[in-house]
Amino acid sequence: MDFAFFRCQAEQQFQIAGSMELKRYLVARQKEVDRALDRFLPKESTPPVTIHKAMRYSLFAGGKRLRPILCLAAAEACGGKISAALPLACAVECIHTYSLVHDDLPSMDNDDLRRGRATCHKVFGDGIAILAGDALLTIAFEIAANVQTKRYDLREIFREIATAAGSQKLIAGQVADLEAEGRRINRAQLRYIHENKTAALLTASVRLGAMAANAAQKQLTAITAFGRALGLAFQVIDDILDVTQTSEKLGKSAGKDVAAKKATYPAVIGLDKSRAEARRLTSEAHCALKSLGESATVLRALADYLLQREY
Ligand code: GRG
């Protein structure tokens, strides 16, 4: 497949001055990402149709597109164009969706609801859901291969993606999470799970955006520190929402962490301390962006938005 013809439809500039502007920004970027994903993914009618239907079913189920939006915003913060970062933004969303499809399987979290609808294996069966996850992981690299950068070559980009999704990051977090079920773990062990299961892919998302923008080393270092703090804050908030929100609001089964005796921040340090920790990590994310000045306004607004999110 040749995606070289693909160009972003609008290099729309936003002034983020309040929550309404940010909402408008998010909707515009979500549409941009959805259009690009639609171009990159094989059509449902492409044989074998079952697998392409299953991949599209999960990918277009109404996810927030947070990781791709962060990737695009990081590219802008480093002086790049979102069109240059779009293949990498789509690649991280494919990896994220693969991890959700596999996480929902009966042999993992055994969930019936994701993104407000029946999980992939409930609709297509376990076998096709496993293959849809595999295919989403694989196509991420095919899509990422469309990126054109000067400072970073494709090997570095692929290494970045493979490391974040691999056995010492995303999968390491999932392994530790599975092994912690029903056991008492301490705060350091919990942080290890969250750093790998959640923060690694969020960090890679912003780093890839910066790399697509040919970021200088100093910019990449700032973006990396931002990604780590934001990624951890995101998971602490996710843990809080699991105990404070309904399934309808979340679009996934609420209260699942408690029922499955999962290692979460509220379980280990309590709800109030978890909220304080999320605020502390968000301000750490802000500090990391200091050297980027005005160009990182959107990233700052996104960090604040995520702290206040309700789903
Ligand atoms: C199966 C290798 C493998 C990993 C699974 C993604 C994951 C690891 C587990 C799912 C459960 C969980 C709490 C993951 C942490 C990351 C997270 C909060 C995912 C949900 O991300 P959102 O809220 O989801 O961005 P949407 O649907 O909006 O994209």
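Residues numbered from 1 in each chain as written. Predicted model: local features only at pLDDT ≥ 70, side-chain atom pairs only at ≥ 80, totals over all residues. Heavy atoms only, no water.

**Student:** Quick one: what's the story with the overall build of the chain, residue by residue and with numbers?
**Tutor:** Secondary structure summary: the chain contains 15 helices and two strands in total. Its C-alpha atoms give the chain a radius of gyration of 18 Å, near enough to 19 Å, the size a compact globule of 311 residues would have. Seen through its C-alpha atoms, the chain measures out along the principal axes to roughly 50 × 50 × 35 Å. Each of the 311 residues in the chain was classed as buried or not, and the buried ones make up 52%. Here the analysis covers contacts within the chain between residues at least 6 apart in sequence; of these, 72% occur between residues at least 24 apart. Accessible area for the chain stands at about 14,000 Å²; split by element, carbon and sulfur atoms hold 52% of it. (Helix = DSSP H or I, 4+ residues; strand = E, 2+ residues; numbered from the N terminus. Rg over C-alpha atoms; globule rule 2.2 N^0.38 Å. Buried < 20%, exposed > 50% of the residue type's maximum accessible area, 1.4 Å probe, protein only. Contact = heavy atoms within 4.5 Å. Areas by Shrake-Rupley, 256 points an atom, 1.4 Å probe, with all protein chains shown as cover.)

**Student:** Mind laying out the confidence of the model for the chain, listing which residues take part and the relevant values?
**Tutor:** Summarising the model, the chain shows a mean pLDDT of 91, and 94% of its residues fall at 70 or more. Between residues 1-13, whose pLDDT stays under 50, and residues either more than four places distant or in other chains, the model counts 27 contacts. (pLDDT = per-residue confidence, 0-100.)

**Student:** Lay out the packing of aromatic side chains with the relevant residues and their values.
**Tutor:** For the structure shown, the criterion picks out two aromatic pairs. Relative to Phe-158, the ring of Phe-141 lies with its centre 5.6 Å away and its plane at 85°, an arrangement referred to as edge-to-face. Taken together, the residues Phe-141 in helix H6 (residues 126-144) and Phe-158 in helix H7 (residues 154-165) connect sequence positions 17 residues apart. We note Arg-117 situated over the ring of Tyr-57; from NZ or CZ to the ring centre the distance is 4.4 Å. (Phe/Tyr/Trp six-rings, centres within 6.5 Å; stacked < 30°, edge-to-face > 60°. Lys NZ or Arg CZ within 6 Å of the ring centre and 35° of its normal.)

**Student:** Can you lay out unusual backbone geometry for me, pointing to particular residues and giving the numbers?
**Tutor:** When glycine is set aside, most residues are seen to have a negative phi, and most peptide bonds are trans. Going from Pro-47 to Pro-48, the amide bond is cis rather than trans, its omega being -10°. Here Pro-48 lies in the loop between helix H1 (19-40) and helix H2 (49-59). Positive phi, close to 50°, is recorded for Asn-110, a residue that is not glycine. With respect to the helices and strands, Asn-110 occurs in the loop between helix H4 (82-103) and strand S1 (113-114). Positioned with a positive phi, Asn-214 is a non-glycine residue whose angle comes to about 55°.

**Student:** Report on the site of the ligand, specifying residues and quantitative values.
**Tutor:** What surrounds the ligand is a group of 18 residues, the closest being Lys-64, Arg-67, His-96, Arg-115 and Gln-235. Contact distances for the ligand include 2.8 Å between an oxygen atom and a side-chain N or O atom of Arg-67. Within the side chain of Arg-115, one N or O atom sits 2.8 Å away from an oxygen atom of the ligand. Coverage of the ligand by the protein chains reaches 92% of its 700 Å² of free accessible surface. Within the residue set of the shell around the ligand, elements represented by two or more residues are H4, helix H8 (170-180), helix H9 (187-212) and helix H10 (217-244). Here the shell around the ligand takes six residues from H4, the largest share from any one element. (Near = heavy atom within 4 Å. Polar contact = N/O pair within 3.5 Å; in protein donor to acceptor, adjacent residues only side chain to side chain.)

**Student:** An account of the nonpolar core is requested, with residue identities and associated values reported.
**Tutor:** Soluble globular proteins tend to pack their nonpolar side chains together in the buried interior. With 78 residues, the main nonpolar core has Leu-70, Cys-94, Phe-226, Leu-299 and Leu-302 as its most contacted residues. At twelve residues, H4 tops the list of elements feeding residues into this core. Sequence-distant contacts of Leu-302, that is, excluding residues within four places in its chain, are made with Leu-22, Leu-26, Ile-69, Leu-70 and Ala-73. Among the nonpolar cores identified, the runner-up in size contains 18 residues, and Ile-193, Ala-233, Leu-241 and Ile-269 belong to it. (Core = buried A, V, L, I, M, F, W, Y, C linked by side-chain atoms within 4.5 Å.)

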